[in-house]
Amino acid sequence: MKAVKRKKKSIFLRIALVAFSIYVVVMLVQLQLEITDRQKRIEALDEQIRQQQLENDSLQKQSDNYEYYQEQKAREQGYARPGETIFKEQ
C-alpha cells in the first residue's frame, strides 16, 4: 500500500516539475522577445534623437547667423543696403 502512495506522489511531483520547467522556459522566451523588441525601439528612438539634434544644430546656426542669413535672402531678392550700388553682369 505504501509503495502505491509513494508512486502517486512521485508521479505528481514529476508532472509538477515538468509543468514548472515548461512555464519557466516559455517565460524566458517571452522575456527575450520583449527585450529584443525594446532594443529595436531604443535604436529607432536613438536615430530620431540624432536627427533632431542635427536639425537643432542647423537651426542654432541659422539663429546665430540670423543677420547674415537675412541679408543673403534679401540679396537673392534683389535688395541692397542703403548707399550700396548693385552691378549686374549680362
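So, here is what we can say about the structure in this document.

Criteria and cut-off values
- Numbers given to residues run from 1 along each chain, matching the order in which its sequence is written.
- Reporting of local features is limited, given that this is a predicted model, to residues whose pLDDT is at least 70; pairs of side-chain atoms are given and counted only at 80 or more, and all residues count toward the totals for whole chains, interfaces and linings.
- Hydrogens and water molecules were not included; the side-chain quantities draw on all heavy atoms of the structure.
- Comment: elements are numbered from the N terminus, with helices defined as DSSP H or I runs of at least four residues and strands as E runs of at least two.
- For the radius of gyration, the atoms used are the C-alpha atoms, and the globule rule reads 2.2 Å times the number of residues raised to 0.38.
- In this scheme, a residue with accessible area under 20% of its type's maximum is buried, one over 50% is exposed, and one in between is partly exposed, where area comes from a 1.4 Å probe on protein chains only.
- Surface exposure here means Shrake-Rupley accessible area, sampled with a 1.4 Å probe, where a residue is shielded only by the protein chains that are shown.
- In this tally Asp and Glu are treated as negative and Lys and Arg as positive; neither His nor the chain ends contributes.
- The location of each charge is read from NZ of Lys, CZ of Arg, CG of Asp or CD of Glu.
- A residue counts toward a patch only above 30% relative accessible area and without a salt bridge, and it is joined to like-charged neighbours within 9 Å or, for Val, Leu, Ile, Met, Phe, Trp and Tyr, to nonpolar neighbours within 5 Å.
- In what follows, salt bridge is the name for a side-chain nitrogen of Lys or Arg lying within 4 Å of a carboxyl oxygen of Asp or Glu.

Here we look at the overall build of the protein
Now for step 1: Each helix and strand counted, the protein has two helices and zero strands in total.
Now for step 2: Taken over C-alpha atoms, the radius of gyration comes to 36 Å for the protein, far larger than the 12 Å a tight globule of 90 residues would show.
Now for step 3: With the principal axes as the frame, the protein shows a C-alpha extent of 120 × 25 × 10 Å.
Now for step 4: Put simply, the protein has 90 residues, and 0% of those count as buried.
Now for step 5: Carbon and sulfur atoms make up 58% of the accessible area of the protein, which amounts to about 9300 Å² in all.
Now for step 6: Between the mean site of the 16 positive side-chain charges and the mean site of the 13 negative ones, the protein shows a separation of 33 Å.

Section: a nonpolar patch on the surface
Now for step 1: Residues Phe20, Tyr23, Val24, Met27, Leu28 and Leu31 make up a contiguous nonpolar surface patch of roughly 570 Å² in combined accessible area.
Now for step 2: Inspection of the secondary structure assignment puts Leu31 in helix 1 (residues 2–64).
Now for step 3: Since its relative accessible area comes to 44%, Leu31 is described here as partly exposed.

With respect to the pattern of salt bridges
Close approach of charged atoms lets side chains of opposite charge pair.
Now for step 1: Applying the stated criterion across every chain, the model contains three salt bridges.
Now for step 2: The closest approach of N and O atoms between Lys73 and Glu76, which form a salt bridge, is 3.8 Å. One end of the pair, Lys73, and the other, Glu76, are both in helix 2 (residues 66–76), three residues apart, so they sit about a helical turn from each other.

A few points about the environment of Val18
Now for step 1: Looking at the secondary structure, you find Val18 in helix 1.
Now for step 2: Taking the C-alpha atoms as reference, Val18 lies 42 Å from Asp46; in sequence the two are 28 residues apart.

Read these as spatial facts, not as claims about activity.
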